Protein chains: 2
Amino acid sequence: MSEESHQELGITESKEHSTGDWYAEVVQKAGLADYAPMGGFIVTKPRGYAVWERMQDYLDGWFKETGVQNAYFPLFIPESYLEREKDIVEGFDPEVAWVTHGGYDELEERLAVRPTSESIIAPFMSQWIRSHRDLPMRLNQWCSVVRWEATETKPFFRTKEFLWQEGHTAHRDMEDAWDETMTRLEQYQRLYEDVLAIPPLVGRKPEHDKFPGAHTTTTIEALMPDGKSVQGATSHYLGTSFAEAFDITYADEDQNDQTAHTTSWGLSWRAMGALIMTHSDDQGLVLPPTLAPEQVVIVPIWQEDNKEAVIDYAAEIEETLAEAGVRVHLDDRENRNPGFKYNEWELQGVPLRIEVGPNEVDEGTATLVHRPDGESESVDREGLDETVDEHLETIFAKLYASAEETLEGATREAESREEILGTIGQHGGYVKCGWCGDEDCEEPIKEAIAAEIVMVPLDRDEEPIHDECAICGEEAEETAYFARTY
Amino acid sequence: MSEESHQELGITESKEHSTGDWYAEVVQKAGLADYAPMGGFIVTKPRGYAVWERMQDYLDGWFKETGVQNAYFPLFIPESYLEREKDIVEGFDPEVAWVTHGGYDELEERLAVRPTSESIIAPFMSQWIRSHRDLPMRLNQWCSVVRWEATETKPFFRTKEFLWQEGHTAHRDMEDAWDETMTRLEQYQRLYEDVLAIPPLVGRKPEHDKFPGAHTTTTIEALMPDGKSVQGATSHYLGTSFAEAFDITYADEDQNDQTAHTTSWGLSWRAMGALIMTHSDDQGLVLPPTLAPEQVVIVPIWQEDNKEAVIDYAAEIEETLAEAGVRVHLDDRENRNPGFKYNEWELQGVPLRIEVGPNEVDEGTATLVHRPDGESESVDREGLDETVDEHLETIFAKLYASAEETLEGATREAESREEILGTIGQHGGYVKCGWCGDEDCEEPIKEAIAAEIVMVPLDRDEEPIHDECAICGEEAEETAYFARTY
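Residues numbered from 1 in each chain as written. Chains lettered and ligands numbered in written order. Predicted model: local features only at pLDDT ≥ 70, side-chain atom pairs only at ≥ 80, totals over all residues. Heavy atoms only, no water.

Caption draft 1: Structural view of the interface of chain A and chain B. Contacts between the two partners involve 52 residues from chain A, matched on the other side by 52 residues from chain B. For the pairing of chain A and chain B, the buried interface totals around 4,300 Å² over both sides, and the portion due to carbon and sulfur atoms is 66%. At the junction of chain A with chain B, the criterion picks out 2 salt bridges. Notably, a salt bridge pairs A:Glu53 with B:Lys64, separated by 3.2 Å at the nearest N-O pair. There are 21 residue pairs in polar contact (both at pLDDT 80 or more) connecting chain A and chain B. Here the residues of the side of chain A that touches chain B are counted per class, giving 33 nonpolar, 10 polar and 9 charged. Pairing of strand E5 (residues 97-102) of chain A with strand E5 (residues 97-102) of chain B, which is carried by 5 bridges, proceeds in the antiparallel orientation. If you follow A:His101 over to E5(B), its bridge partner there is B:Trp98. (Contact = heavy atoms within 4.5 Å. Buried area = accessible area lost by both parts, 1.4 Å probe. Salt bridge = Lys/Arg side-chain N within 4 Å of Asp/Glu carboxyl O. Polar contact = N/O pair within 3.5 Å; in protein donor to acceptor, adjacent residues only side chain to side chain. Nonpolar A, V, L, I, M, F, W, Y, C, P; charged D, E, K, R; others polar. Pairing = 2+ DSSP bridges. Helix = DSSP H or I, 4+ residues; strand = E, 2+ residues; numbered from the N terminus.)

Caption draft 2: Looking closely at the pairing of strand E6 (residues 105-113) of chain A. Residue and element names in this part refer to chain A. The pairing of strand E4 (residues 76-78) with E6 spans 3 bridges and is antiparallel. Each bridged residue has a counterpart across the sheet, and for phenylalanine 76 the counterpart in E6 is valine 113. Note that E5 and E6 share 4 bridges and pair antiparallel. Within E6, the position partnered with histidine 101 by the bridge is glutamate 106. From the end of E5 to the start of E6, which pair antiparallel, there are 2 residues, and glycine 103 there has a positive phi angle of about 65 degrees.

Caption draft 3: Quick look at the domain arrangement of chain A. Taken domain by domain, chain A consists of domain 1 (12-279), domain 2 (296-392) and domain 3 (412-484). Distance between the C-alpha centres of domain 1 of chain A and domain 2 of chain A: 40 Å. (Domains from an automatic or database assignment.)

Caption draft 4: Helix H13 (residues 417-427) of chain A, seen in detail. Residues and elements named next belong to chain A. Among the residues of H13, those classed as buried are Ile420, Thr423 and Ile424. In an axial view of H13, the angular spread of the buried residues amounts to 90 degrees, which keeps them on one side of the axis. Every exposed residue of H13 that faces more than 90 degrees away from the buried side is listed here: Glu418 and Gln426. Elements in contact with the buried residues of H13: strand E20 (411-413), strand E21 (430-435), helix H14 (443-449), strand E22 (451-455) and strand E23 (478-484). The positive-phi residue at the C-terminal boundary of H13 is glycine 428, with phi of around 70 degrees. (Buried < 20%, exposed > 50% of the residue type's maximum accessible area, 1.4 Å probe, protein only. Arc of directions from axis to C-beta.)

Caption draft 5: Representation of the pattern of salt bridges within the structure. Residues and elements named next belong to chain A. Going through the model one piece at a time under the given rule, you end up with 44 salt bridges over all chains. Put simply, arginine 138 and glutamate 180 hold a salt bridge, and the shortest N to O gap is 2.7 Å. Here the residue arginine 138 occupies a position in strand E7 (residues 137-146), and glutamate 180 occupies one in helix H6 (residues 174-195), the gap between them amounting to 42 residues. A salt bridge links arginine 460 to glutamate 207, with the shortest nitrogen-to-oxygen separation between them at 3.5 Å.

Caption draft 6: The arrangement of the side chain of B:Gln56 in detail. Residues and elements named next belong to chain B. Position of glutamine 56 relative to the elements: it lies in helix H3 (residues 46-65). Of the residues examined, glutamine 56 reaches a relative accessible area of 16% and is grouped as buried. Ignoring anything within four residues of it in the chain, the contact list for glutamine 56 reads Tyr49, Gly61 and Trp142.

Caption draft 7: Representation of the packing of helix H3 (residues 46-65) of chain A against helix H8 (residues 270-279) of chain A. Residues and elements named next belong to chain A. Relative to each other, H3 and H8 sit at 110 degrees, their axes nearing to 10 Å. As summarised for this structure, H3 and H8 are arranged roughly perpendicular, according to the angle between their axes. Crossing hand, H3 versus H8: right-handed. Here Gly48, Val51, Trp52 and Met55 of H3 lie close against H8, whose contacting residues are Ala271, Met272 and Leu275. Tallied by class, the residues present in the contact of H3 with H8 amount to 6 nonpolar, 1 polar and no charged. (Axes fitted to C-alpha atoms, helices over the stretch in contact; angles between N-to-C directions. Parallel < 35°, antiparallel > 145°, perpendicular 65-115°, else oblique. Left-handed = near helix turned anticlockwise from the far one by under 90°.)

Caption draft 8: Layout of the packing of aromatic side chains. Residues and elements named next belong to chain A. With the rule as written, the count across this model stands at 28 aromatic pairs over all chains. Between phenylalanine 162 and tryptophan 164 the ring centres are 5.8 Å apart and the planes differ by 90 degrees, which places this aromatic pair in the edge-to-face class. For the pair phenylalanine 162 and tryptophan 164, a shared accessibility class is recorded, and that class is buried. Joined through ring pairs, the aromatic side chains of Tyr23, Phe157 and Tyr486 make up one cluster. Against the face of tyrosine 486 rests lysine 228, its NZ or CZ located 5.3 Å from the ring centre. (Phe/Tyr/Trp six-rings, centres within 6.5 Å; stacked < 30°, edge-to-face > 60°. Lys NZ or Arg CZ within 6 Å of the ring centre and 35° of its normal.)

Caption draft 9: Up close: the nonpolar core. Core analysis: the largest hydrophobic core is formed by 190 residues, its most contacted members being A:Phe76 and B:Phe76. The residues touching B:Phe76, leaving out its near neighbours within four places in the chain, are A:Met38, A:Phe41, A:Ala97, A:Val113, A:Val146, A:Trp148, B:Val99, B:Leu111, B:Ala112 and B:Val113. (Core = buried A, V, L, I, M, F, W, Y, C linked by side-chain atoms within 4.5 Å.)

Caption draft 10: Up close: the relation of the copies chain A and chain B. Aligned on chain B, chain A shows an RMSD of 0.0 Å; the corresponding rotation is 180 degrees and the shift along the axis is 0.0 Å. Viewed as a symmetry operation, the transformation between the two copies matches a two-fold axis. Ranked by how close their C-alpha atoms come to the rotation axis, the residues of chain A are headed by A:Val99, at 2.1 Å. A shared interface surface links the copies, since 100% of the contact residues of chain A are contact residues in chain B too. (Least-squares fit on C-alpha atoms with pLDDT ≥ 70 in both.)

Caption draft 11: The sheet that holds E6(A), seen in detail. Strand order in the open sheet made by the 6 strands is E4(A)-E6(A)-E5(A)-E5(B)-E6(B)-E4(B), with antiparallel pairing throughout. Of all the strands in the sheet, the pair left with one neighbour each is E4 of chain A together with strand E4 (76-78) of chain B. The average undirected angle you get between the axes of adjacent strands in this sheet is 45 degrees.

In structure tokens:
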């Protein structure tokens, strides 16, 4: 392999020492996304979009199995509609992109490019729901939304336009709506654990950091390699506040008017950012087999005198695996040597490499090499489809175990303000401590090291880990998890 | 069934006498879409979206089998980017929705909400394509686009925002790009024929009606019940014009710079409008089994003394069919009588109804009733899954045959201007005639009866059906198909 091609392929930044630059380089060099000409926007390239599509497929399937119906609401929301929810939620005004002209004409009323769709979906729910028989109503849409935040672009983490799904449901009572909130939270957790190979923390946002208007905001928090926490998905029990503002009522069995209880829940392509950042390394992208566009790449290694035999053998293996439902690619390019191919497919995040050369042909074997740890094993050609399946499972398990170990090592306790500051300042990660429940006690931590309370336990009755608030020393009401965030 | 509920369910307009109003009523009452508060926008309700999702699944699967990769480009296009294509295409200015403000700030450069994405995709193709090894490059995106046309809203046919897919590909030469153009055209034709149960005409737009900048625009034309033609999908061979404007070049095997040949092709939710309009009737929506969210509804008919037996029997049938992969729903609502249910499911377009009452239980049978023609048959419970499959196929075949018969009856020939005017004026549909190829000969027809040349044969060498142009009498160059259009 020439120096030149090595440069082009290699990741030059270090995950450990310059996580942000390293991440941006992996995203671009692995062909996941490019920067659009307008700051804050990206182009999602085929490899990136294929990962997002697979995540969608999992989640969408689970949604549908549990009674959710997809729909599509308009991209634009009239300004007067956005105004209607101002009683309950902070306005989106500071971050709305406004359409003011259609063709050559100025519009009579400005249209917001949706920052989220509560204010256009709720009025229709109000129309569509008449009777208790119309409940529960569970709607979801996959779409893009726009929030005009003036921050540095970070593909999938911070972009003015992002792809997401937003679920909006209405129920007859609190119990049913709470079950819904939990069902979606558990599906998000399942996506992180079983598909992304990321064990997250699962909890509740503190009262002062709930979704505005929500009764309870539940959250999935994922630890990133730089010690920061990413809010990976949220599921809100909204109580009756939105239903009251938008008149979502129904006639019960006795023909009495009742106010519905609503929920909303969303997951964005930020989950893809978390995925890329968690597993990838200085060789490039690492993907779990669940999401990799190619799970296996076969690299044949030949000399002129055995070329045909090696390539035929590799092609047979490709066929065997493809028939078994494995996403496999045979890289038989003539103009690249095996070393180049290894690097390229490592960069692109293929979980399992199969090397076959004249020895493998003679012995009826294949050499399997795991990404990212390079563990390799020579295995029999016979039964290769099952062996490959086992290895893919092992690779998934290794990724999960590694992320779990990192999470466990990065979750610490503290009993004083100084200890919180020192621990997060030095190690990052999460710090658990007793907390009185007062937002004022978060302030000194936020000011000093930009860490905040990312969650408290889901169970409101859970005893705090310490009796006293680590900051003010008053009686602790619950356990707070402090961390820096994205 | 009470008068009241009949009113609510029934379609009051007539397909034959007021096609437009009837269509709007079917769309709303079958729960496919609602009107948004802003003129020109609609809300796609779950039943409507489910049909669109199934159409997507078919087409997306075929695209991927034939080398297409999905991607996602930004919703917004800077004004200067749109300007770049003005040399080759008519500007979209008159119908662009402009974003002028982000939050409280006016933007330095206006952003167009994409009316189509050539001008943002082509510059990236130019970056990504370096060598002949990068070709062909086949990208597609499923997204919504906005065109600010000031016309009456007609769900799925005429809306300012619409859902579609847009494919954009680059190739090394004309032959490869032309093959691509034909592959996509054939896939659109297959979607119409095998999924929508609509036999379309397939052809080429006359030179003066091509996509601006295109070498050839191929089209799928579908006949609507009011005698108008709908352009159901288009596939463009763009030659090198876009590649030249956007500098899409590649190094060939000899390291010489070559200009790529490009294509683009798209199908919008207008295909769903064509589907609804073609098959539905005065009882409501009619859907082919390929696309129906529920293919079969089971309606049990019981009296108090046999209720349990009938419902158990119906539930067993539901299980049998669900296991066989049929999309089946058992309507065991207590508060609705069978007549009401029949009407409701007919309105909603379920292709096959299964009625089971005490007789069916005793005899071990089930009564199958087809939508839309009401043909019914008593069949054995034994082997019901296979019988149902056969009936679903028959229902599809009946829909297709009916649409085919309509198309054949509505395709006529003419040898003079008067004959064209008289035939379309009286019957609608298509009129084939000899044509000299001059746009001026289309004018008098357009002016008199608003009909135009919707297509000419795909094959440029095909002999015209008559020797003389029906309008000017000069030598005919090709066969023109005149029709009124949507």
